[in-house]
Structures are given as C-alpha cells and as structure tokens.
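Residues per chain are reported as follows:
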Amino acid sequence: MMIKNKFLTLAVLALVLAACANDQSNGNGDHDNTEQAEGTTRISGLLKGAKSIPVYFEKLNANSIDPIDTVMTDENGTFSTDLLIEQLGFYRLALNEQNACVLILEPGGKVELNADVSNIYETYKVIGSEESQRLKDLNEILGKRDSVGMAVQDAQMTQNKEKFESAMAAYQAIQVDMVDDIKKFIDEKPASLSSLAAIQNLDSDADLEYYKKVVDALEGKVEGNDFYEAMKFQVEKSQTLAVGSEAPEIALPQPNGQELKLSDLRGQYVLVDFWASWCGPCRRENPNVVRVYEKYHDKGFEILGVSLDKNSKAWLQAIEQDGLKWKHISDLKYWKSEVVPEYQIQGIPLTYLIDPEGKIVAKNLRGSALEEKLAEIYN
C-alpha cells in the first residue's frame with residue numbers, strides 16, 4: 001500500500017529534533033537546591049558519559065515540536081531543570097536527532113531520568129512518572145516486532161527468498177502476539193496518554209472498539225491535547241465509515257468535465273476504488289479489478305474509480321493502458337483532494353464496497369477477497 005501519513009505520530013516525533021532551543025535554565029545543575037516553582041515539573045538525572053553538553057527538552061504536538069528548555073550537564077553528566085508544564089502531554093529529552101526518548105509529563109511532577117549517553121532510548125530508566133514508565137513498556141512491546149522487521153528488510157535487500165519467507169512467518173507470528181499485548185496494555189489503563197500512543201499501533205477498522213475505549217476513557221481529562229483531539233476526530237470519522245454506515249457523498253469531475261456523484265449510482269453494488277496512476281500497488285491490482293468487473297458488470301456491478309492524480313494526462317493514460325472501462329472521477333488535487341479527509345485515506349489502493357441503498361458493505365477488498373465477496377452477492 002502506498003502510505004500517506006495523516007498525523008505526525010509519536011514514532012516520527014521521537015526521531016525529529018528541533019533546530020534550535022530556548023536556553024532558559026541556568027545550566028549549573030543546581031535546581032534540586034532551589035524551591036520548585038508552582039506549575040513546573042522538575043526533571044533531573046544522570047546521563048552517563050555526558051560531560052558538559054546541552055540537553056534539549058521539547059513539547060511534542062501532533063504537527064510540530066516546540067523547544068521549551070536547554071540545560072547543560074555538569075562534568076559528571078548530571079542535570080536538573082524545572083519545565084513549565086501547562087497540561088499533561090508528550091515531551092522529549094534529546095541530545096540530537098538520533099539520541100532521544102519520549103516522556104509523558106504533568107504539571108507539578110518530579111521526575112528522575114538516568115541513561116547512558118551512547119544510546120538514551122535503549123538505556124534510559126525513569127522514576128517518578130508512571131505514564132513515562134508505561135510508555136517505555138510500550139516501546140519494549142513494539143521493539144520485538146521492529147527487530148524482526150529489520151530481518152525482513154535485510155532478506156528483501158539480499159533477495160534471499162527462503163530467508164524472506166522465514167522472516168515474514170516470524171514477523172506475522174510476532175505481529176499477532178504484539179496486537180494481543182497492546183490490547184492487554186490498554187485494558188490495564190485505558191484513560192492514559194500511554195494508551196493513546198498504544199492504539200496507534202492497532203488497526204483502526206478491525207480494532208475500532210479499542211480506539212473508542214481510549215477516547216471515551218480520556219473524555220474530560222485531556223481536552224486541548226492535540227494528539228487526543230486528533231484521535232477523537234479520527235474515531236468519530238471512523239464510525240461514520242464503519243460497515244453498515246451510509247457512504248459519504250463523493251461529487252467530482254469525470255474526464256469529460258461533467259460532475260458525477262456516488263449517489264448517482266444508487267440501485268447497484270458499487271466498488272469505490274481510490275487509486276492513482278503513480279501508485280505501483282494500484283496498477284498491479286488493476287488486472288484483477290478488470291477481471292471481476294467483466295465477470296459481474298452485466299449482473300449490476302459498477303466501479304467508481306476515484307483518482308488521487310494531479311496530472312490529467314497521466315491519469316487518462318493509465319486508464320487507457322490498464323483497460324479500466326468503468327466510471328472515473330478526480331479533482332486532480334493529489335493528497336489535497338476533498339475525498340482524502342472525508343474517507344480518511346492514509347494509503348492507496350483503498351476500496352469501499354457500497355450496496356444499492358448506499359450503505360458500506362465491506363472495505364479494502366482486493367485480490368481473491370474481492371471476488372469471493374462478489375460471488376457471495378451475485379451467486
């Protein structure tokens with residue numbers, strides 16, 4: 001699947017370092033000897049091997065990173081600073097883009113963090129923040145999958161088929177266990193930002209109940225946190241796109257310029273196929289879609305190709321080259337197309353099967369799954 005991230009996730013934020021930071025602390029490592037200011041969170045600790053170097057503290061937002069403080073370690077690698085924390089949220093301690101860890105901090109807290117300067121993420125230990133510890137526990141759950149994922153990538157690079165199949169089998173087995181572990185993790189404390197981070201690793205269709213569990217549990221507790229607000233919006237939108245719901249209207253120009261609406265096709269089963277000429281997986285799937293179209297079109301099956309192209313010539317050329325004889329529409333706005341937020345499109349190819357009354361019957365049917373569903377309907 002061709003992926004387009006809708007939100008800047010925590011996994012991405014953990015790797016990005018702001019270009020500059022405000023130097024607001026005195027850098028002398030003596031904050032523990034002063035009275036902690038009201039509304040601040042005191043964070044101190046030891047970075048083993050970090051002699052007299054700057055440590056950056058940043059607030060992580062859904063679409064940005066805000067630098068909030070810089071403190072110098074002393075000759076022993078110890079540091080201490082009071083951060084102005086206005087609400088519970090995600091924060092990052094970093095030395096550079098590759099050497100950092102994410103914490104969950106709240107106003108008035110007192111946190112100690114110890115790590116080795118060679119690799120903060122792999123070695124840090126946190127005291128005084130249950131949520132930060134849970135986030136560390138989550139990273140350990142995800143780390144099992146990531147290690148096997150590296151083996152899969154290595155097998156792909158070396159084009160070793162036997163090694164690839166073995167790595168994929170191990171990856172799929174770990175993926176199943178990981179999903180179970182994440183669900184247990186959420187069940188332990190759904191009303192937490194650590195659980196909010198966890199659900200981003202579950203399928204928003206198959207595991208929508210867990211998304212809703214966390215969002216509902218956090219209701220009234222973290223309003224204003226943009227990660228929560230973004231996830232709440234995503235859950236609300238996912239519910240409107242659930243199987244059994246009425247498919248949102250689509251009204252875009254056809255190649256001849258005339259507008260065609262999804263509702264114009266009521267009375268028949270319609271496969272809404274989100275694709276683009278530049279999408280390799282979409283083009284590879286097209287022969288299968290052509291085959292089922294030819295098999296079931298005379299029985300009342302229709303396809304509405306909704307393209308995320310931005311070049312009209314490339315769009316029309318792909319339609320002709322791939323023999324796509326069904327109906328096509330596009331506003332040629334690429335990822336800025338109005339259908340992207342309406343249908344929560346994060347990657348293509350993506351399909352929705354709509355029944356004659358305009359209700360969603362199934363999602364993301366491809367290959368044999370599409371043919372099996374159509375055989376069920378028409379036979």
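Now for a look at the structure at hand. (Residues numbered from 1 in each chain as written. Predicted model: local features only at pLDDT ≥ 70, side-chain atom pairs only at ≥ 80, totals over all residues. Heavy atoms only, no water.)

Topic: the nonpolar core
The condition is simple: Here the nonpolar core consists of buried residues drawn from Ala, Val, Leu, Ile, Met, Phe, Trp, Tyr and Cys, with membership extended through side-chain atoms lying within 4.5 Å. Working definition: with a 1.4 Å probe on protein chains only, accessible area under 20% of the residue-type maximum means buried, over 50% means exposed, and in between means partly exposed. In this text, helices come from DSSP runs of H or I with a minimum length of four residues, and strands from runs of E with a minimum of two, each type numbered from the N-terminal end. Only heavy atoms enter the contact rule, under which two residues are in contact if any of them lie within 4.5 Å.
Ile 250, Val 272, Phe 274, Val 306, Tyr 343, Ile 345 and Tyr 352 are the most contacted members of the largest nonpolar core, which has 47 residues in total. Elements represented by at least two residues in this core include exactly β12 (269–275), α8 (280–296), β13 (301–307), α9 (312–321), α10 (339–342), β16 (350–354), β17 (360–363) and α11 (367–378). Ranked by residues supplied to this core, first place goes to α8 with 6 residues. Leaving out residues up to four positions away in the same chain, Ile 250 has contacts with Leu 260, Lys 261, Leu 262, Val 272, Phe 274, Val 306, Ile 329, Val 339 and Tyr 343. In this structure, Phe 90, Leu 142, Leu 193 and Tyr 228 belong to the second largest nonpolar core, which totals 32 residues.

Quick notes on the side chain of His 328
What counts is decided by this rule: By the criterion applied in these results, polar contacts are pairs of N or O atoms within 3.5 Å in which, for protein atoms, one can donate a hydrogen and the other can accept it, and in which residues neighboring in sequence qualify only through two side-chain atoms.
Topologically, His 328 is positioned in strand β14 (residues 327–329). Within the structure, His 328 has its side chain in polar contact with the backbone oxygen of Leu 324 (distance 3.1 Å). A distance of 3.4 Å separates a polar side-chain atom of His 328 from the backbone oxygen of Trp 326. If we ignore the near neighbours within four places in the chain, the residues touching His 328 are Pro 253, Gln 254, Pro 255, Trp 275, Gly 305, Trp 315 and Ile 319.

Focus on α9
Inclusion rule: To be clear, the arc concerns the directions from the helix axis to the C-beta atoms.
Those residues of α9 that sit buried are Trp 315, Ala 318 and Ile 319. The buried residues of α9 all sit within an arc of 100 degrees when viewed along its axis, so they share a single face. Exposed and facing more than 90 degrees away from the buried side of α9 are Lys 313, Glu 320 and Gln 321. Among the structural elements, β10 (251–253), β12, α8, β13 and β14 are those in contact with the buried residues of α9. The backbone nitrogen of Lys 313 has a side-chain oxygen 3.0 Å away, supplied by the residue at the start of α9, namely Asn 311. A positive backbone phi angle near 65 degrees is found at Gly 323, which sits one or two residues after α9.

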